[in-house]
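# Survey of secondary and tertiary structure
Residues per chain, in single letters:
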Amino acid sequence: MTVLGIESSCDETAVAIVRGGDEVLASVVYSQVPLHRPYGGVVPEVASRAHVAKIRGVAEEALARAFPGEPTPWDRVDAIAATRGPGLAAALLVGWTFAKGLALALGKPLIPVNHMHAHLWSVRLGHPELRGQNLWPQLGLAVSGGHTCFVASPEPNVYRLLGQTIDDAAGEAFDKAAKLLGLGYPGGPAIDKLARQAPEGADRAIHFPEGRVSADHPLPPGWEPALCVSFSGLKTALLTHVRKHPPQNETEVATLCASYQAAIVAALAKRAETALAHGRYRSLALGGGVSLNRGLRAALGAVARRHAIPLLLADACHCGDNAAMIAGLASAFPPAPAAGAETLALDVDPSLPI
């Protein structure tokens with residue numbers, strides 16, 4: 001199948017065309033980072049208005065790139081897919097409504113996609129060499145500005161949530177730390193860059209909490225306390241440290257970044273180690289915007305090697321929110337013939353569970 005995918009769950013307006021699950025014919029992303037940078041984070045109303053203004057042009061550009069010179073490129077698309085959730089309600093609504101309109105106008109099937117499933121599928125985009133490999137059961141870690149979760153995938157396109165953050169996501173923890181340190185938005189890349197510039201041993205210079213979740217903490221059924229994490233205490237610890245010991249120069253800021261990042265990375269790597277030790281997995285998939293963090297990639301690479309399984313990483317262009325992962329997942333698993341009318345009746349679900 002050749003699928004046109006639409007992603008508008010947060011602050012990226014994206015449209016892509018993917019064939020057969022992993023062949024990316026075109027992927028266009030309009031980034032709203034400059035719009036939200038003055039506020040230090042995503043403003044939902046600003047995001048949804050930008051989606052409305054840009055989505056048609058982004059779709060037309062994706063079609064032009066995928067099928068250059070063709071007068072009726074819509075004929076080459078077999079189905080329309082879009083993110084149904086989770087995400088910001090008003091932002092999701094723009095992409096989902098646009099997808100419904102296209103599906104109705106073109107007489108094509110409409111395929112709803114779970115944003116978190118797509119992040120875990122993103123590791124396959126542009127990697128046809130993975131076809132036919134036995135990668136399941138698979139452990140997935142999705143880390144982004146809004147989510148941090150461990151997911152068991154016993155077989156392709158089947159997902160079960162094992163544990164997640166009970167408060168802030170890893171990406172949010174990075175953004176808020178960067179705001180406190182005056183590093184700008186988005187914070188993850190800035191902290192990662194400074195952490196790499198810090199003196200040797202800086203990642204152990206300041207002790208920050210690991211973010212354990214106690215065994216008696218009330219959790220939904222099926223969640224494992226040992227695979228859940230809390231980053232709110234980590235942010236408080238950073239704030240307390242900065243108030244008591246304000247950094248006096250760039251080296252001290254870099255040291256703070258290295259120690260802070262090391263705490264987040266260690267928390268995630270330890271939980272990945274625990275999950276792999278208690279389950280039979282053939283691969284570890286890392287997806288989401290925070291998966292670009294070099295410290296996290298190195299730590300999880302070491303974990304995967306200890307368990308003799310591959311660490312699957314998305315290409316840099318597919319780590320953040322993008323529509324290629326939406327179209328890729330949809331094109332790998334064609335919908336049932338009767339799915340069209342049912343999906344057209346669906347609404348967005350900002351809290352769509354894994």
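It should be noted that the structure appears before, not after, this text.
Computed from a predicted structure; not experimentally measured.

Calculation rules
- Residues numbered from 1 in each chain as written.
- Predicted model: local features only at pLDDT ≥ 70, side-chain atom pairs only at ≥ 80, totals over all residues.
- Heavy atoms only, no water.
- Phe/Tyr/Trp six-rings, centres within 6.5 Å; stacked < 30°, edge-to-face > 60°.
- Helix = DSSP H or I, 4+ residues; strand = E, 2+ residues; numbered from the N terminus.
- Buried < 20%, exposed > 50% of the residue type's maximum accessible area, 1.4 Å probe, protein only.
- Lys NZ or Arg CZ within 6 Å of the ring centre and 35° of its normal.
- Axes fitted to C-alpha atoms, helices over the stretch in contact; angles between N-to-C directions.
- Parallel < 35°, antiparallel > 145°, perpendicular 65-115°, else oblique.
- Left-handed = near helix turned anticlockwise from the far one by under 90°.
- Contact = heavy atoms within 4.5 Å.
- Nonpolar A, V, L, I, M, F, W, Y, C, P; charged D, E, K, R; others polar.
- Pairing = 2+ DSSP bridges.
- Core = buried A, V, L, I, M, F, W, Y, C linked by side-chain atoms within 4.5 Å.

Within the structure shown, the criterion is met by three aromatic pairs. Look at phenylalanine 174 and tyrosine 260: their rings are 6.5 Å apart centre to centre, the planes differ by 70°, and that puts the pair in the edge-to-face class. Of this pair, phenylalanine 174 sits in helix H5 (residues 170-180) while tyrosine 260 sits in helix H8 (residues 250-277); the two residues are 86 residues apart in sequence, bridging distant segments of the chain. Aromatic pair phenylalanine 208 and tyrosine 260: ring centres 5.9 Å apart, planes at 80°, arrangement edge-to-face. One end of the pair, phenylalanine 208, is in the loop between helix H6 (187-197) and helix H7 (232-244); the other, tyrosine 260, is in helix H8, with 52 residues separating them in the sequence. Given a relative accessible area of 6%, phenylalanine 208 falls into the buried group. Members of the aromatic cluster, each reached through a chain of ring pairs, are Phe174, Phe208 and Tyr260. Geometry around tyrosine 30 places lysine 54 over its ring, the cationic atom sitting 5.0 Å from the centre.

Direction vectors running N to C along H5 and H7 enclose 15°, while the axes themselves pass 10 Å from each other. Relative to H7, the element H5 is oriented roughly parallel. Remark: the crossing between H5 and H7 carries right-handed chirality. Between H5 and H7, the residues in contact are Ala173, Lys176, Ala177 and Leu180 and Lys235, Leu238, Leu239 and Val242, respectively. Tallied by class, residues from the contact of H5 with H7 come to six nonpolar, no polar and two charged.

When two helices pack together, their arrangement is captured by the angle between the axes and the distance separating the axes. The N-to-C vectors of helix H2 (residues 44-66) and helix H3 (residues 89-106) enclose an angle of 30°; their axes lie 9 Å apart at closest approach. Viewed along their axes, H2 and H3 adopt a mutual orientation that is roughly parallel. Like other packed secondary-structure pairs, H2 and H3 cross with a definite hand, here right-handed. Along the contact surface, H2 presents Ser48, His51, Val52, Ile55, Arg56 and Ala59, while H3 presents Ala90, Ala91, Val94, Gly95 and Phe98. Tallied by class, residues from the contact of H2 with H3 come to seven nonpolar, three polar and one charged.

Where burial is concerned, most of strand S1 (residues 2-7) is hidden: six out of the six residues are buried. Where S1 meets strand S2 (residues 12-19), six bridges bridge the pair, whose relative direction is antiparallel. Among the inter-strand pairings, glutamate 7 is bridged to a residue of S2, identified as alanine 14. Where S1 folds back onto S2 in an antiparallel hairpin, the turn is made up of four residues. Sheet topology note: the S1/strand S4 (residues 79-85) ladder contains four bridges and is parallel. When the bridges of S4 are listed, isoleucine 6 appears paired with alanine 82.

Glancing now at the nonpolar core. Judged by nonpolar contacts, the single largest core of 50 residues is most densely connected at Phe208, Phe231, Tyr260, Ile264, Leu268, Leu296 and Leu300. The set of elements that each furnish at least two residues to this core consists of strand S6 (138-143), strand S7 (148-153), H5, H6, H7, H8, strand S9 (283-287) and helix H9 (294-306). The contacts of leucine 300, once residues within four sequence positions are left out, are Leu141, Leu268, Ala269, Ala272, Leu284, Leu286 and Leu311. Leu125, Leu130, Leu161 and Ala324 belong to the second-largest nonpolar core, a separate cluster that totals 36 residues.

The next point concerns the environment of alanine 152. Relative to the helices and strands, alanine 152 is located in strand S7. Given the relative accessible area of 7%, alanine 152 is considered buried. The spacing of alanine 152 and tryptophan 136 is 16 residues in sequence and 9.5 Å in space, taken between C-alpha atoms.

Another point: the pairing of strand S8 (residues 160-164). In this structure, S7 lies alongside S8, joined through four bridges in antiparallel fashion. If you follow cysteine 149 over to S8, its bridge partner there is glutamine 164. Linking S7 to S8, which pair antiparallel, is a turn of six residues; within it asparagine 157 sits at a positive phi near 65°.

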